[in-house]
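Reading the structure
The chain contents come next:
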Amino acid sequence: MTATAIRTPDIKDIVVPVLSSLPGAAASTKPATQVLPLLSPILRQRVQLLADASTDPWIRLLTYDTSKVSRLTEIAQSGSLEPHPVSGEIEIDWDYDAHIKYRRLDQETLQTLVVLGEFDLFVRLIYCTGDKEGGGDGWRVGEVGVASDPSPLAAFGGFDNISEAEKSFQSLNAPSSRQSNRGDTLAINGRLSSAAAAEEDDDDDDDYWGRYDATPSRTPAVKRSPAPQSNSQTSLPDPYRSKSAEDAYYAQYDSVQPAMDPHDPDEEIEHIQAPPPLGLARPPQFQDSPEGAELNETSGAWTLAEPPRSPSARSNRSQDDDRAAPLIHPRPASSASSKGSQTVAKLEECAEKREASEFGVKQHISRSIRSLFLLSRSSGIDREEFETMVKTELDVLGMVEEDI
């Protein structure tokens, strides 16, 4: 799309019919058919699809700023857009009241902004190609909105004619211009976009991913267990680590117990024996016998602990034994043995099996009687006759029950 192929839009022929349809658009839900060809393909499709799906006037679809819909409706219903009674057209001083600007956004988009200060309206035109419904290539209405608070001219920018807009776009996109104006920012659609930001981001990404290419490739070292190693184990030499101050520093953490490792060697104590109650000790005949230890623990056969005696007190040992004899605790009778508990468990298991078998037998009898009733009913036997037959069989069974 070049500047020589695009003609300056005929503002009057495009804008006036759209402005004349605004009073009707503020009251009707269906768009006017003579206005649709003047709209851009995107705005035309928006009006056609959304107008049928709502009961609101279709004037709200001409603007993309929903906060200005009420103001746009108010302008359309104010009577300022009514045609002159003599000429039949809306009176607009195009040389004084109309402000027109042009700008090119990209290689495919050329826009024209028409601001009508007297009516507080603006019309944004877009040059469309291949628009068969609109009559081919030409200028179409892309939006109709309110021109105040804020002013669309400040956000739009633009130039006084198409040639200046084309030159500005070409100069900004030239290779030499991109290098010299790398830090400059461009005002597009009222937003500031930096041309250098994208290139700098690309450079940063290249530097970031380039670090992975510089990483030396090698076989990873052997993973150690998180559990602490005992003092008897010797550490294996690591061929990939050099002896340095850093290795010595991190070697201090080798003996640290990991928080997620449940294994604690300090808790492993062999031949753990529970200490007796205070002042009591095991009988000497059961101290070295495992069976005797188990018997004493289960039956509670604890005896008084014999205090350490000095050589001078050994002669009075018999007197101490006679004095401690009345204080020996009685040995209580043993509780139920493990065999008794196993017998109880077996009895409970047999009872559960018996209950389950009885329940299954009852279910079988119930289903059998139900099947017999359905069979008799299908054969023409009513319920009373079926009950009589069942009772008769039960009575007969009571007489011959002993013979069975």
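Residues numbered from 1 in each chain as written. Predicted model: local features only at pLDDT ≥ 70, side-chain atom pairs only at ≥ 80, totals over all residues. Heavy atoms only, no water.

1. Some words on the overall build of the protein
Assigned secondary structure in the protein consists of 13 helices and 8 strands. Within the span of the protein, comprising 404 residues, buried residues form 24% of the whole. In the protein, the proportion of contacts linking residues at least 24 apart, taken out of those at least 6 apart, comes to 55%. Total accessible area on the protein stands at roughly 29700 Å², and carbon and sulfur atoms take up 54% of it. (Helix = DSSP H or I, 4+ residues; strand = E, 2+ residues; numbered from the N terminus. Buried < 20%, exposed > 50% of the residue type's maximum accessible area, 1.4 Å probe, protein only. Contact = heavy atoms within 4.5 Å. Areas by Shrake-Rupley, 256 points an atom, 1.4 Å probe, with all protein chains shown as cover.)

2. What to know about helix α4 (residues 69-77)
Quick reminder: α-helices carry 3.6 residues per turn. Residues three or four places apart thus point the same way. Regarding α4, the residues found buried are Val69, Leu72, Thr73, Ile75 and Ala76. Taken around the axis of α4, the buried residues stretch over an arc of 160 degrees, which confines them to a single face. With respect to the buried face of α4, the exposed residues turned more than 90 degrees away are Ser70 and Gln77. Of the surrounding elements, those touching the buried residues of α4 are α2 (22-25), β3 (121-128) and β4 (138-146). Downstream of α4 by one or two residues, Gly79 has phi in the positive range, about 95 degrees. (Arc of directions from axis to C-beta.)

3. Digging into the sheet that holds strand β1 (residues 98-104)
In a beta sheet, neighbouring strands are held together by backbone hydrogen bonds and run either parallel or antiparallel to one another. Taken in spatial order, the 4 strands make up an open sheet running β1-β2-β3-β4, and their pairing is antiparallel. Edge strands, defined here as strands with exactly one partner in the open sheet, are β1 and β4. For this sheet the average axis-to-axis angle between neighbouring strands, irrespective of direction, equals 20 degrees. Against the sheet, helix α1 (residues 11-20) makes contact with β1, β2 (110-116), β3 and β4, and its axis sits at roughly 125 degrees relative to β3, the strand it touches most. (Pairing = 2+ DSSP bridges. Axes fitted to C-alpha atoms, helices over the stretch in contact; angles between N-to-C directions.)

4. Quick word on the nonpolar core
Counting residues in hydrophobic clusters, the biggest one holds 41 residues, and the most contacted among them are Leu19 and Leu22. If you tally residues by element for this core, the top one is α1, at 5 residues. Setting aside its immediate chain neighbours within four residues, Leu19 contacts Leu81, Ile90, Ile92, Leu116, Leu121 and Val123. Leu113, Phe122, Ala147 and Phe156 belong to the second-largest nonpolar core, a separate cluster that totals 5 residues. (Core = buried A, V, L, I, M, F, W, Y, C linked by side-chain atoms within 4.5 Å.)

5. Details of the pattern of salt bridges
For the structure shown, the criterion picks out 10 salt bridges. Between Glu74 and Arg71 there is a salt bridge, and its shortest N-O distance comes to 3.6 Å. Residue Glu74 and its partner Arg71 are both found in helix α4; the two are separated by 3 residues, about one turn of the helix. With a relative accessible area of 47%, Glu74 lands in the partly exposed category. In this structure, Glu349 and Lys353 form a salt bridge, with 3.6 Å as the shortest nitrogen-oxygen distance. Here the residue Glu349 and the residue Lys353 both occupy positions in helix α12 (residues 338-378), the gap between them amounting to 4 residues, near one helical turn. Its relative accessible area of 42% is what places Glu349 among the partly exposed residues. For Lys353, a relative accessible area of 56% translates into the label exposed. A single network of salt bridges, built from pairs that share partners, joins Arg44, Asp131, Glu133 and Arg140. (Salt bridge = Lys/Arg side-chain N within 4 Å of Asp/Glu carboxyl O.)

6. Here's the deal with unusual backbone geometry
Although it is not a glycine, Asp120 adopts a positive phi angle of roughly 60 degrees. Assignment of secondary structure puts Asp120 in the loop between β2 and β3. Residue classification places Asp120 among the buried positions, given a relative accessible area of 14%.

7. Considering the environment of Glu143
One can find Glu143 in strand β4. Judged by relative accessible area, Glu143 falls into the buried class, the value being 11%. For the pair formed by Glu143 and Arg124, sequence separation is 19 residues and the distance between their alpha carbons is 5.2 Å. Ignoring anything within four residues of it in the chain, the contact list for Glu143 reads Leu43, Leu62, Thr63, Tyr64, Asp65, Phe122, Val123 and Arg124. Among the polar contacts listed, one links the side chain of Glu143 to the backbone nitrogen of Tyr64, at a separation of 3.4 Å. (Polar contact = N/O pair within 3.5 Å; in protein donor to acceptor, adjacent residues only side chain to side chain.)

8. Some points on a nonpolar patch on the surface
Taken together, the side chains of Val390, Leu394, Val396, Leu397, Met399, Val400 and Ile404 define a hydrophobic patch exposed on the protein surface, amounting to about 660 Å² of accessible area. Relative to the assigned elements, Leu397 resides in helix α13 (residues 383-399). (Patch = residues over 30% accessible without salt bridge, like charges linked within 9 Å, V, L, I, M, F, W, Y side chains within 5 Å.)

9. Things to note about the side chain of Arg44
Mapping Arg44 onto the fold places it in helix α3 (residues 41-52). A polar side-chain atom of Arg44 sits 2.9 Å from a polar atom in the side chain of Asp131. In this view, Arg44 contacts Leu36, Pro37, Leu39, Asp131, Glu133, Gly134 and Arg140; residues no more than four positions away in its chain are not counted.

10. Describing the pairing of β3
Along β3, 8 of the 8 residues are buried, which leaves the element largely enclosed by surrounding structure. By the alternation rule, side chains of β3 split into Leu121, Val123, Leu125 and Tyr127 and Phe122, Arg124, Ile126 and Cys128, which are all buried. Direction of pairing for β2 relative to β3: antiparallel, over a ladder of 6 bridges. By the bridge assignment for β3, Leu116 is matched with Leu121. The loop that links β2 with its antiparallel partner β3 comprises 4 residues; one of these, Asp120, has a positive phi angle of about 60 degrees.

Limitation: the analysis is restricted to geometry and does not speak to function.
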